[in-house]
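This is what each chain is made of:
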Amino acid sequence: MNLMEVAKEAMNNSYSPYSNFRVGAALLTKSNKVYKGCNVENASYSPNCCAERTAFVKAISEGEKEFVAIAIYGGKDGKYDFCLPCGVCRQVMSEFCDKDFKIYVSNGKEIKCYTLGELLPNSFKLEK
Ligand SMILES: [Zn+2]
């Protein structure tokens, strides 16, 4: 299974009539399941939810707590470039993932891989 292909497939369900920026994500768990997510926009904008957070919320609500990687694919008006997660999504990832959690992004030709530690070296954390 190709995680980036699943992210592209997830993008087909994107609800983004306001920005035309369509995003799909595929989140791989340690138990080897994949949860798909897409961005979901709203007329009042602030309730917008990113594809990455959609995938995380779906997985966590199904009992998953351990994650290996996420693939993200998206772009505006059909032009796809490396779509890195926003700051809010990076913070959500840091709640559940180690610094070596892999984040794959693609422009349709090439795939780049980052770790969460690279994209968010100093996240906000509370003592558990
Ligand atoms: Zn985001």
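Anything mentioned here points back to the structure above.
Residues numbered from 1 in each chain as written. Predicted model: local features only at pLDDT ≥ 70, side-chain atom pairs only at ≥ 80, totals over all residues. Heavy atoms only, no water.

With respect to the coordination of the zinc ion
Then comes step 1: Of the protein atoms, only Cys 50 (SG), Cys 86 (SG) and Cys 89 (SG) coordinate the zinc ion, at distances of 2.2 to 2.4 Å.
Then comes step 2: The sequence motif formed by the donor residues of the zinc ion is C-x35-C-x2-C. With Cys 50 in the loop between β2 (34-38) and α2 (51-61) and Cys 86 in the loop between β4 (79-81) and α3 (87-96), this pair connects stretches of sequence that are 36 residues apart.
Then comes step 3: Classification of Cys 86 by relative accessible area gives partly exposed; the value is 29%. (Donors = N, O, S within 2.8 Å, 3.2 Å for Na, K, Ca; no water. Helix = DSSP H or I, 4+ residues; strand = E, 2+ residues; numbered from the N terminus. Buried < 20%, exposed > 50% of the residue type's maximum accessible area, 1.4 Å probe, protein only.)

A short note on the environment of Thr 115
Then comes step 1: Looking at the element boundaries, Thr 115 is found in strand β6 (residues 111-115).
Then comes step 2: Among the residues examined, Thr 115 registers a relative accessible area of 22% and is labelled partly exposed.
Then comes step 3: For the pair Thr 115 and Asp 98, spaced 17 residues apart in the sequence, the C-alpha separation amounts to 9.0 Å.
Then comes step 4: Excluding its chain neighbours within four sequence positions, the residues that come into contact with Thr 115 are Lys 99, Asp 100, Phe 101 and Ile 103. (Contact = heavy atoms within 4.5 Å.)

Some remarks on the packing of aromatic side chains
Then comes step 1: For the structure shown, the criterion picks out six aromatic pairs.
Then comes step 2: Following the ring pairs from residue to residue traces out a cluster consisting of Phe 56, Phe 67, Phe 96 and Phe 101.
Then comes step 3: The ring of Tyr 73 is capped by Lys 8, whose NZ or CZ atom sits 4.9 Å from the centre of that ring.
Then comes step 4: Over the face of the ring belonging to Phe 82 we find Lys 112, whose NZ or CZ atom lies 4.2 Å from the ring centre. (Phe/Tyr/Trp six-rings, centres within 6.5 Å; stacked < 30°, edge-to-face > 60°. Lys NZ or Arg CZ within 6 Å of the ring centre and 35° of its normal.)

Some thoughts on the pattern of salt bridges
Then comes step 1: Going through the model one piece at a time under the given rule, you end up with three salt bridges.
Then comes step 2: Glu 5 serves as the salt-bridge partner of Lys 8, at 3.5 Å between the closest nitrogen and oxygen. Taken together, the positions of Lys 8 and Glu 5, both in helix α1 (residues 3-11) and three residues apart, correspond to about one turn of that helix.
Then comes step 3: Lys 8 sits in the partly exposed class, given a relative accessible area of 22%.
Then comes step 4: We note a salt bridge from Glu 9 to Lys 36, for which the minimum N-O separation is 2.8 Å. Of this pair, Glu 9 sits in helix α1 while Lys 36 sits in strand β2, and the two are 27 residues apart along the sequence. (Salt bridge = Lys/Arg side-chain N within 4 Å of Asp/Glu carboxyl O.)

Considering the packing of α2 against α3
Then comes step 1: Where α2 contacts α3, the axes come no closer than 9 Å and their chain directions differ by 25 degrees. With respect to α3, the axis of α2 lies roughly parallel. Viewed along their axes, α2 and α3 form a crossing whose handedness is left-handed. Of α3, the residues touching α2 (which contributes Glu 52, Arg 53, Phe 56 and Ile 60) are Val 88, Cys 89, Val 92, Met 93 and Phe 96.
Then comes step 2: When its residues are assigned to classes, the contact of α2 with α3 shows seven nonpolar, no polar and two charged. (Axes fitted to C-alpha atoms, helices over the stretch in contact; angles between N-to-C directions. Parallel < 35°, antiparallel > 145°, perpendicular 65-115°, else oblique. Left-handed = near helix turned anticlockwise from the far one by under 90°. Nonpolar A, V, L, I, M, F, W, Y, C, P; charged D, E, K, R; others polar.)

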